Amino acid sequence: MIAKDIYYVGVNDHAIDLFEGQYTVPNGMSYNSYVIVDEKIAVMDSVDARFGEEWLNNIRTVLGERTPDYLIIQHMEPDHSANIVTFTNAFPEATVVSSAKAFAMMKSFYGNDYADRRLVVAEGNTLVLGTHTLSFIAAPMVHWPEVIMTYDTTEKVVFSADGFGKFGALDTEEDWACEARRYYIGIVGKYGVQVQAVLKKAAGLEIQAICPLHGPVLKENLSYYINLYDIWSSYRPEDEGVVIAYTSVYGNTKKAVLQLAETLKANGCPKVAVNDLARCDMAEAVEDAFRYSKLVLATTTYNGDIFPFMRSFIEHLTERGYSNRTVAFIENGSWAPRAAKIMGEMLEKSKNITYVNPSVKILSALNAESEAQLNALAAELCKA
């Protein structure tokens, strides 16, 4: 039981290897659904297509002989909507509740917009179940345009759609912030302005619990989670530290990066994270870049451009609104180094970037001049 009359009926998925076809999830995923049992019964969201029968069994276990009156769909991604048809076939008297845009998506996804059994809701609309009254909150582009969130005014519970979600099934133990950060930056991170708008709405609510569509229900120390979402969605660094993201062809750029990392640590830099972009989990590297205050990009000039993994990494950053950071460049080139120029051009649309100048320039391999530049860079990055 989540709160009085509110029950969890979601499922865990340990078979999945890539979430949304790109994010590794070593501890699986949860697809969360909830039931509010009152004079009228509301089921909050569906689950992934592969778990329809398990989900229905969970609902029936909670309800016994009773049947749901409403299915409330807050978000139309198939990991939350895929069993709408399964539900409506199982409970033909139930009404589907969602936003106008969601019903249009239902028609596209599943061939039915439920015109004969639907309730369209928008910002500020309410649904009375008995002692529980649900109030709907528009949350467009967090992170799809049709999204609504739901506030149970009786028990002070927010059903937050994909907001405050995380990777990982519920039957595994892991740090919330690590996987919630990677989830947020990868999936929601582009939409910081829209998240900020919803946080302002939430500031006017008394909240006892947050029920997301992925990850655990949050009940304790809610200010901690809300503060992290405020930091992430306003693109502020969460921690002081230096992230070095690099690519290296023959090992010379790598040697420079490792030397810089050791010098930073020797100079007392609080945190140094090194990511080999050709080998690491790209989502983890992107997470580091958004978490920490300073970023060093180190790569070779490659075919008159930059190494492909570095180009992809920077595109991940700029797509998600990377800003408010200190950035330094290390470029390597045997005859015409121009990597620093290209990386700078790629970051031109990023806001409030402070560049450490000049860049470190390596001509094939480190020498006395480029080592001196590395040492100067380390000293600059370690300044308070």
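Relevant structure appears above.
Calculation criteria
- Numbering of residues starts from 1 in each chain and follows the order in which that chain's sequence is written.
- The predicted origin of the model limits local features to residues at a pLDDT of at least 70 and limits the giving and counting of side-chain atom pairs to 80 or more, whereas totals for whole chains, interfaces and linings rest on all residues.
- Remark: hydrogens and water are excluded; side-chain values derive from all non-hydrogen atoms of the structure.
- We call two strands paired when DSSP finds no fewer than two bridges between them.
- Runs of H or I in DSSP of at least four residues are treated as helices and runs of E of at least two as strands, each being numbered from the N terminus.
- Where helices are involved, their axes are fitted lines through C-alpha atoms of the stretch in contact, as for all axes, and angles between N-to-C directions lie from 0 to 180°.
- By definition, no residue in a patch forms a salt bridge, and every one has over 30% relative accessible area; like charges are joined within 9 Å, nonpolar side chains (Val, Leu, Ile, Met, Phe, Trp, Tyr) within 5 Å.
- Calculation of accessible area relied on Shrake-Rupley with a 1.4 Å probe; when residues are assessed, cover is drawn exclusively from the protein chains displayed.
- For salt bridges, the criterion is a side-chain nitrogen of Lys or Arg within 4 Å of an Asp or Glu carboxyl oxygen.
- Using a 1.4 Å probe on the protein chains alone, a residue whose accessible area is under 20% of its type maximum counts as buried, one over 50% counts as exposed, and one in between counts as partly exposed.
- By definition, the crossover connecting two strands over a helix is right-handed if that path, from the first strand to the second, turns clockwise as seen with the strands pointing away from the viewer.
- Note on contacts: a residue pair is in contact if any heavy atoms of the two residues lie within 4.5 Å.
- Identification of polar contacts relies on pairs of N or O atoms within 3.5 Å, with a donor-acceptor requirement for protein atoms, meaning one able to donate a hydrogen and the other able to accept it, and with residues adjacent in sequence counted only if both atoms are side-chain atoms.

(A) Expanded view of the sheet that holds strand β13 (residues 148–152). Here we have 5 strands laid out as an open sheet, ordered β11-β12-β13-β14-β15, and mixed in their pairing. Either end of the sheet is taken by a strand with one partner, and the two such strands are β11 (126–128) and β15 (209–211). Shown here is a sheet whose adjacent strand axes are inclined to one another by a mean of 20°, direction ignored. Looking at chain direction, strand β12 (residues 133–138) and β13 are connected through 5 bridges and run antiparallel. Across the sheet, Ala138 pairs through a bridge with Ile148, a residue of β13.

(B) Focus on a nonpolar patch on the surface. Side chains of Val249, Tyr250 and Tyr302 sit close together on the surface and give an oily, nonpolar patch of about 360 Å² of accessible area. Tracing the sequence through the fold places Tyr302 in strand β18 (residues 292–302). Residue classification places Tyr302 among the partly exposed positions, given a relative accessible area of 34%.

(C) Expanded view of the pairing of strand β9 (residues 95–98). Across 3 bridges, the pairing between strand β8 (residues 70–72) and β9 is parallel. In the strand pairing of β9, Ile72 is matched with Val97. As judged from the 3 bridges shared by β9 and strand β10 (residues 118–120), these two strands associate in the parallel manner. Note that in β10 the partner of Ser98 across the bridge is Val120. Chirality of the crossover, the property in question, places the unit of β9, helix α4 (residues 100–110) and β10 among those that are right-handed.

(D) Fine view of the sheet that holds strand β6 (residues 34–37). Sheet architecture is open: 6 strands sit in the order β1-β6-β7-β8-β9-β10, paired in mixed fashion. Strands with a single pairing partner mark the edges of an open sheet, and in this sheet they are β1 (6–8) and β10. Sheet twist, expressed as the mean angle between neighbouring strand axes with direction ignored, is 20°. Judged from the 4 bridges that link them, β6 and strand β7 (residues 41–44) form a sheet pairing that is antiparallel. Bridge assignment links Val35 to a residue of β7, and that residue is Val43. Contacting β1, β6, β7 and β8, helix α1 (residues 52–63) crosses the sheet at an angle of about 25° to β6. Set on the sheet, α4 makes contact with β9 and β10; between it and β9 the angle comes to about 120°.

(E) Region of interest: the side chain of Ser33. By the element assignment, Ser33 lies in the loop between β5 (29–31) and β6. A polar atom in the side chain of Ser33 sits 3.1 Å from the backbone oxygen of Met44. A distance of 2.9 Å separates polar atoms of two side chains, one belonging to Ser33 and the other to Trp55. Each residue touching Ser33, except ones within four places of it in the same chain, is listed here: Tyr7, Tyr8, Val9, Gly10, Val43, Met44, Asp45, Ser46, Val47 and Trp55.

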